[in-house]
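Examining the three-dimensional arrangement
This is what each chain is made of:
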Amino acid sequence: MIDLVLIEATKAFVKKELANAEGGHDWFHIERVYNNALLISKGENVNAKIVALSALLHDIADSKFNNGDDTIGPKKARTFLFEQNVDSVVIEHVVNIIKNISFSSNIGKTNAFNSLELQVVQDSDRLDALGAIGIARAFNYGGFKNRAIYNPDIKPNLNMTKAEYKASTAPTVNHFYEKLLLLKDTMNTKTGRQIALERHNYMEAFLKQFFAECDGEK
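Residues numbered from 1 in each chain as written. Predicted model: local features only at pLDDT ≥ 70, side-chain atom pairs only at ≥ 80, totals over all residues. Heavy atoms only, no water.

**Focus on the overall build of the chain**
Quick reminder of the rule: For the purposes of this entry, the term helix denotes a DSSP run of H or I that reaches at least four residues, the term strand denotes a run of E that reaches at least two, and both are numbered from the N terminus. Exposed residues in this analysis have more than 50% of their type's maximum accessible area, buried residues have under 20%, and partly exposed residues fall in between, with area computed by a 1.4 Å probe over protein chains only. The contact criterion used throughout is that any non-hydrogen atoms of two residues lie within 4.5 Å.
Scanning the chain for helices and strands turns up ten helices and zero strands. Starting at the N terminus, the α and β elements of the chain follow one another as α-α-α-α-α-α-α-α-α-α. Expressed as a percentage of the 218 residues in the chain, the buried residues total 45%. Of the contacts made within the chain by residues no fewer than 6 positions apart, 67% connect residues no fewer than 24 positions apart.

**Some words on helix H5 (residues 88-100)**
Going by this rule: One less than the residue count of a helix, multiplied by 1.5 Å, gives the span that helix is expected to have. Under this definition, polar contacts are N or O atom pairs within 3.5 Å; protein pairs additionally need one hydrogen-donor-capable and one acceptor-capable atom, and for neighbouring residues in sequence, both atoms have to be side-chain atoms.
When the terminal C-alpha atoms of H5 are compared, their 18 Å separation across 13 residues agrees well with the 18 Å that a helix rising 1.5 Å per residue should span. Within H5, the full set of buried residues consists of Val90, Ile91, His93, Val94, Val95, Ile97, Ile98 and Asn100. On its buried side, H5 packs onto helix H3 (48-57), helix H4 (72-83) and helix H6 (116-127). Of the residues flanking the start of H5, the one acting as N-cap is Asp87, its side-chain oxygen 2.9 Å from the backbone nitrogen of Val89.

**Focus: the packing of aromatic side chains**
Cut-off, in case you're wondering: Between the rings of Phe, Tyr and Trp (Trp by its six-membered ring), a pair exists once the centres lie within 6.5 Å; its type follows the angle of the planes, with under 30 degrees stacked, over 60 edge-to-face, and the other angles tilted.
Across all of its chains, the model carries nine aromatic pairs by this definition. Ring centres of Phe176 and Phe206 lie 6.1 Å apart, and the angle between their planes is 20°; this geometry places the pair in the stacked category. Separated by 30 residues along the polypeptide, Phe176 in helix H9 (residues 172-178) and Phe206 in helix H10 (residues 190-214) bring together distant segments of the chain. Taking relative accessible area as the criterion, Phe206 reaches 27% and is therefore assigned partly exposed. With a centroid separation of 6.1 Å and 35° between ring planes, the pair formed by Phe206 and Phe210 is classed as tilted. You can see Phe206 and its partner Phe210 sitting in helix H10, four residues apart, about one turn around the helix. Pairwise contacts between aromatic rings join Phe139, Tyr150, Phe176, Phe206, Phe210 and Phe211 into one cluster.

**Regarding the environment of Lys155**
Among the structural elements, Lys155 can be located in the loop between helix H7 (131-144) and helix H8 (162-167). When the C-alpha positions of Lys155 and Asp123 are compared, they lie 28 Å apart, and in sequence the two are 32 residues distant. A distance of 2.8 Å separates the side chain of Lys155 from the backbone oxygen of Pro152, its partner in a polar contact.

**As for the packing of H7 against H10**
The condition that has to hold: Think of each axis as a best-fit line through the C-alpha atoms, taken over the contacting stretch in the case of a helix, with angles from 0 to 180 degrees between the N-to-C directions. Between 65 and 115 degrees an angle is taken as roughly perpendicular, under 35 as roughly parallel, over 145 as roughly antiparallel, and anywhere else as oblique. As a working rule, the residues Ala, Val, Leu, Ile, Met, Phe, Trp, Tyr, Cys and Pro are called nonpolar, Asp, Glu, Lys and Arg charged, and the rest polar, with Gly in that last group.
Two elements in contact, H7 and H10, have axes whose closest approach is 8 Å; the angle formed by their N-to-C orientations is 55°. Here H10 runs oblique to H7, going by the angle between their axes. Two secondary-structure elements touch here, H7 through Gly131, Ala132, Ile135 and Phe139 and H10 through Arg199, Tyr202, Met203 and Phe206. Taken together, the residues that form the contact of H7 with H10 break down as six nonpolar, one polar and one charged.

**Observations concerning the side chain of His93**
Of note, His93 is situated in helix H5. Sequence-distant contacts of His93, defined by excluding residues within four places in its chain, comprise Ile50, Phe113, Ser115 and Glu117.

**Quick word on the pattern of salt bridges**
We count it as follows: The salt bridge criterion pairs a side-chain nitrogen of Lys or Arg with a carboxyl oxygen of Asp or Glu, the two atoms within 4 Å.
Applying the stated rule across the entire model yields seven salt bridges. Ionic pairing is found between Glu8 and Lys11, a salt bridge with its closest N-O pair at 3.6 Å. With Glu8 and Lys11 both in helix H1 (residues 4-17) and three residues apart, the pair spans about one turn of that helix. The salt bridge involving Asp70 is made with Lys166; its shortest N-O contact spans 3.8 Å. On the criterion of sequence distance, the pair formed by Asp70 in the loop between H3 and H4 and Lys166 in helix H8 is long-range, its members being 96 residues apart.

**A few points about H6**
Over its twelve residues, H6 extends 17 Å from the first C-alpha to the last, a length consistent with the 16 Å expected when each residue adds 1.5 Å. Among the residues of H6, Glu117, Leu118, Gln119, Val120, Val121, Gln122, Asp123, Ser124, Asp125, Arg126 and Leu127 are the ones counted as buried. Buried residues belonging to H6 abut helix H2 (27-41), H3, H5 and H10.

**Structural notes on the nonpolar core**
The following threshold applies: Residues belong to a common nonpolar core when they are buried Ala, Val, Leu, Ile, Met, Phe, Trp, Tyr or Cys residues joined through side-chain atoms within 4.5 Å.
Core analysis: the biggest nonpolar cluster contains 54 residues, and Val14, Leu57, Leu81, Val94 and Phe176 have the highest contact counts within it. Looking at which element gives the most residues to this core, the answer is H3, with seven residues. Setting aside residues no more than four positions away along its own chain, Phe176 makes contact with Ile135, Ala138, Phe139, Leu181, Met203, Phe206 and Leu207.

Right, here's the structure in full:
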């Protein structure tokens, strides 16, 4: 059962923390992931409180905006939940989800923490990196980092280590091949897979149009 007072307090905390966040990782990203999580949860036997809190707190301090430090987010979430008198078992589960949710955190990783709640929130987060919103977020972040949109001389690197992935400055179009188009096959839930397929196909159609325009065909 979801504690609505706790959820509203968490939303207020996240909105304040992300007030000046980059557009692809702001409150509206969190809200979309939260709504995705509620939708996917309907078909899964999960702890609704853990799913809701994890979805809201999963990007409270994204390592991309904290000099690559992926420990800040879990620490902030733990402190906030402790201050809200949340049960310690719930806190540990939420913190473990935050530590293991991202694409980069799972590169080259084996025997990682896993749970049905993680799978739901992970699918929810990855869905927001797909489709029309995923395309918009990718180019928004690329512009934020002053990266090229596309450079045919720089090929996608499909075998990066976690360190290489996090340090990459490649053109935004490369990111489609290095991450976004791979997400469809990483989905955990039936609902997630269904939505991901539709959004994946949309991105493929976009890239087809993109390259046709680059080649002067359209």
